[in-house]
Amino acid sequence: MMRLDRTELCLIAAAVVLAAGGLIAPGWLVFLLTMAFAKALVVQGVVMQMRAGLVSFGQGLFYCVGGYAVGMGGQFFGLTDLAVLLSAGVLAAMLLAMVLGLLLTRYRDIFFAMLSLAFSMILFGVLVKSPQLGSTDGFNVVSWTLFGWSPAKETAPMALLTVTLVAGLAVALLLHRYVQAGVGVLCEAVRENEVRVEYLGLSPRWLLYSNYVAAAAVSALGGGLTALAAGHIDPEMAYWTTSGEFVFIALLGGTGHVAAPFLAALVFAVVRTYAIEFVPHSWQMILGFTLLGVIVFLPKGLWSLFSRAKAKGAAAS
Amino acid sequence: MTAILETRALCKSFGAVTAAKDLNVRITKGEVVGVIGSNGAGKTTFINMVTGYLPPSSGEILFNGRPILGHTPRAITRAGMARSFQVAQLFPELTVLDNLLIALAAAESPRPSFLRPLRTKARIARAETILEEFRVTRFRDAVVTAVPQGARKLIDIAMALIGEPQMLLLDEPTSGVSVEEKTGLMDTVMSAVRHHGVTVLFVEHDMDVVRRYVSRLLAFYSGEIIADGPPTAVLEDQKVRDLVTGHGHGKSSQKGASA
């Protein structure tokens, strides 16, 4: 029997509280939470690579693959089961990452960042030029079912929030173990000193490759859930500004904890929603100032507020 | 005696510069071999070629009788030849314990686990034993950047040794360490090495250190081996005194050979 540690128990408790809160929350908030947590999964993929010293400016590629797999599964293959659709997206992203990773893991720093962006933009270009896939307009996603159960229109958003929370929790629990396990820690070691990793008898490329494929899977899951929540997909999912948004959220949260991307995605969604509401013509400026503030005052992200408080508490006791 | 490492006519050129010329070295199991030479003599180039970091221009390298030319550093490490570096190569933002745990996990499998924790009781116990052996237990939980230079050199060597290699190549283990610390550091290293029964080749500039620890000495000059034999004989060799130690004109001290 696997024992759960304090972080895992806190993650489970947070998911339960959020799911319970969703039952009494207004529709707009349920939608905002679903979108924020689905996008947080994509951000987890960015953070996984940041821990290995790589910044992906093209994570929108896998977000889009996950979304389009869900959309195309329903539209062209008549699939409606949520588990099947999401699995198809994850599988497609992993297969693509297995191919692209062979090239991408040869590069570091800005070259990796730009090459990841290039692949994402290639997909964007292909989708824009594909009338069968709705070209720039994209297309709608069919209503989903789950193991034969078809939720009513009123209950579907809450059901999807629950599914997103379950998926997010599962990913968070796995990533919590992953960052403490061999590959997770060794990815940090690659970031610190690749030469030493090689002279310990390990392949830094294999470690980065495994991490890249795992990050693609997690991001595709987020893409699939976003498509189901929004009910629509379009090539914008692979556009560079979308990938930039994921990097923004990753920096906002920091890499210090598996919960950081969820918190950051939520803060981002709230700030953006209210910025658009109150200053519709300059909401980007508000986001810019937010990021500026975080980088200057919290260079390790929002999560450092918690880690600082924890450190102070430990020092006091 | 069985040769653990053998190089045959090993050469390396960087454009017009010849860094290694016709190096024929045969090291048998259990030997402690020292390598001396002035800066640019080809000592580190030799280590870099043998450990797969630099491809030789020509020649052969055999480890335990098997050719290893063209093998990656990781393949050579896994075959049983580990190395330390002139500038300690550690993971600076991680703790000393984590550095050793990583080395241990790497030694256990070339494909580390995705979910099994790095910090297991067995690994921690093994890492603590090594820390004790290298007398750096007090730095167990310190981040590497906060650890003094001498201790970093020891940790670097401990990381190479924790995987139980058959042969260890040490590139200037006492460089950057104060004169007072050198003997203590080398005593610790050699005691650990003897305990593990490892064959050692180390590059060193301090002739007192060389004389004290090695059973055989190679003198490099301008990419060639100009003397090979017991340390006393090599250090007394006129060519070595003239070209390497700089004591061919009756100087009394033999320290600071490479300065």
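Okay, so let's go over this structure. (Residues numbered from 1 in each chain as written. Chains lettered and ligands numbered in written order. Predicted model: local features only at pLDDT ≥ 70, side-chain atom pairs only at ≥ 80, totals over all residues.)

All right, on to the overall build of chain A then. Of the regular secondary structure elements, chain A holds 13 helices and two strands. Relative to the globule expectation of 20 Å for 317 residues, the C-alpha radius of gyration of chain A, 19 Å, shows essentially globular dimensions. Per-residue burial for chain A yields a buried fraction of 47% across its 317 residues. Sequence separation of 24 or more characterises 80% of the internal contacts of chain A that already satisfy a separation of 6 or more. (Helix = DSSP H or I, 4+ residues; strand = E, 2+ residues; numbered from the N terminus. Rg over C-alpha atoms; globule rule 2.2 N^0.38 Å. Buried ≥ 20, exposed ≤ 12 C-beta atoms within 10 Å, placed from the backbone. Contact = placed C-beta atoms within 7 Å.)

Moving on: the packing of helix α11 (residues 260–278) of chain A against helix α12 (residues 283–297) of chain A. Residue and element names in this part refer to chain A. At a minimum axis distance of 8 Å, the contact between α11 and α12 shows a crossing angle of 145 degrees. Classified by chirality, the crossing of α12 by α11 is right-handed. Here α11 contributes V271, R272, A275 and I276 to the contact with α12, which in turn contributes W283, I286, L287 and T290. In terms of residue class, the contact of α11 with α12 is made up of six nonpolar, one polar and one charged. (Axes fitted to C-alpha atoms, helices over the stretch in contact; angles between N-to-C directions. Left-handed = near helix turned anticlockwise from the far one by under 90°. Nonpolar A, V, L, I, M, F, W, Y, C, P; charged D, E, K, R; others polar.)

In this assembly, 25 residues from chain B lie in contact with 19 residues from chain A. The set of elements that each furnish at least two residues to the side of chain B that touches chain A consists of α2 (73–79) and α3 (96–108) of chain B. When residues in the side of chain B that touches chain A are grouped by element, the largest group, five residues, is from α3 of chain B. Split into classes, the residues belonging to the side of chain B that touches chain A amount to 16 nonpolar, four polar and five charged.

Reading across the sheet, the four strands line up as β2-β1-β4-β5 (chain B) and stay open at both edges, with antiparallel pairing between neighbours. Each edge of the sheet is formed by a strand with only one pairing partner; in this case those strands are β2 (17–28) and β5 (66–67) of chain B. (Pairing = 2+ DSSP bridges.)

Relative to β2 of chain B, strand β1 (residues 3–14) of chain B runs antiparallel, the two being bridged by eight bridges. In the sheet register, F14 of chain B faces β2 of chain B, and the bridge partner there is V17 of chain B.

All names here are of chain B. In terms of burial, strand β7 (residues 167–171) is a largely internal element, five of the five residues being buried. In β7, alternate side chains face the same way, and those of M167, L169 and D171 on one face and L168 and L170 on the other are all buried. The sheet contact formed by strand β6 (residues 81–84) and β7 spans four bridges and is parallel. Among the inter-strand pairings, A82 is bridged to a residue of β7, identified as L168. Pairing between β7 and strand β8 (residues 199–203): five bridges, direction parallel.

Turning next to unusual backbone geometry. With a phi close to 55 degrees, D109 of chain A is a non-glycine residue in the positive phi region. Considering the arrangement of structural elements, one finds D109 of chain A in helix α5 (residues 109–128). Residue classification places D109 of chain A among the exposed positions, given that 10 C-beta atoms sit within 10 Å. At R135 of chain B, a position not held by glycine, the phi torsion is positive, near 55 degrees. By the element assignment, R135 of chain B lies in the loop between α4 (121–133) and α5 (149–161).

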